[in-house]
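Residue-level structural notes
In case you want the letters, here they are:
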Amino acid sequence: MVRDVTILCAALMTAPVAAQASLGDLVCDDTRRLETQLVEIVGATRQGQGMREPDALLEIWIVPRNGDWTIVQTYANGTSCIVAMGAHWESLGAEPG
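Quick caveat, the model's predicted, so the values are computed rather than measured.

Considerations on the pattern of salt bridges
- Overall, the coordinates contain three salt bridges when judged by the stated rule.
- Between Arg46 and Glu35 there is a salt bridge, and its shortest N-O distance comes to 3.2 Å. In this pair, Arg46 sits in strand E2 (residues 45-53) while Glu35 sits in helix H2 (residues 31-42), placing the two residues 11 residues apart along the sequence.
- Across the salt bridge formed by Arg46 and Glu59, the nearest N and O atoms sit 2.6 Å from each other. In this pair, Arg46 sits in strand E2 while Glu59 sits in strand E3 (residues 56-62), placing the two residues 13 residues apart along the sequence.
- Using a relative accessible area of 37% as the deciding quantity, one classes Arg46 as partly exposed.
- One continuous salt-bridge network, built from bridges that share partners, spans Glu35, Arg46 and Glu59.

The rules behind each value
- Numbering of residues starts from 1 in every chain and runs along the sequence as written.
- Reporting in this predicted model follows two pLDDT cut-offs: at least 70 for local features of residues, and 80 or more for side-chain atom pairs to be given and counted; totals over whole chains, interfaces and linings ignore these cut-offs and use all residues.
- Side-chain numbers come from the whole structure's heavy atoms, not from hydrogens or water.
- Salt bridges are counted wherever a side-chain nitrogen of Lys or Arg sits within 4 Å of a carboxyl oxygen of Asp or Glu.
- Think of it this way: any DSSP run of H or I at least four residues long counts as a helix, any run of E at least two long counts as a strand, and we number them from the N terminus.
- Per-residue accessibility, obtained with a 1.4 Å probe over protein chains only, is compared with the maximum for each type, and a residue is labelled buried under 20%, exposed over 50%, and partly exposed between these values.

Okay, structure coming up:
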């Protein structure tokens, strides 16, 4: 995971930045460019999404081969930011009911 994150961050830093992050630990970029990096460099697939605010969508991206995960907040203005990353993602089945 560390290698994939390092590659993703390096790729994003060399690309023109669409918007500056307000926090030093956020990686923000044009939504299409960030999605391309997640898919082509990291090998992630979008597994879920939900509205956080009227103009902000949270997306969960998972790397199937190793369980790494990334949470991306996408804004209506075309900018997306990685807000969290981790490892060992487990998908839980629906509860019986």
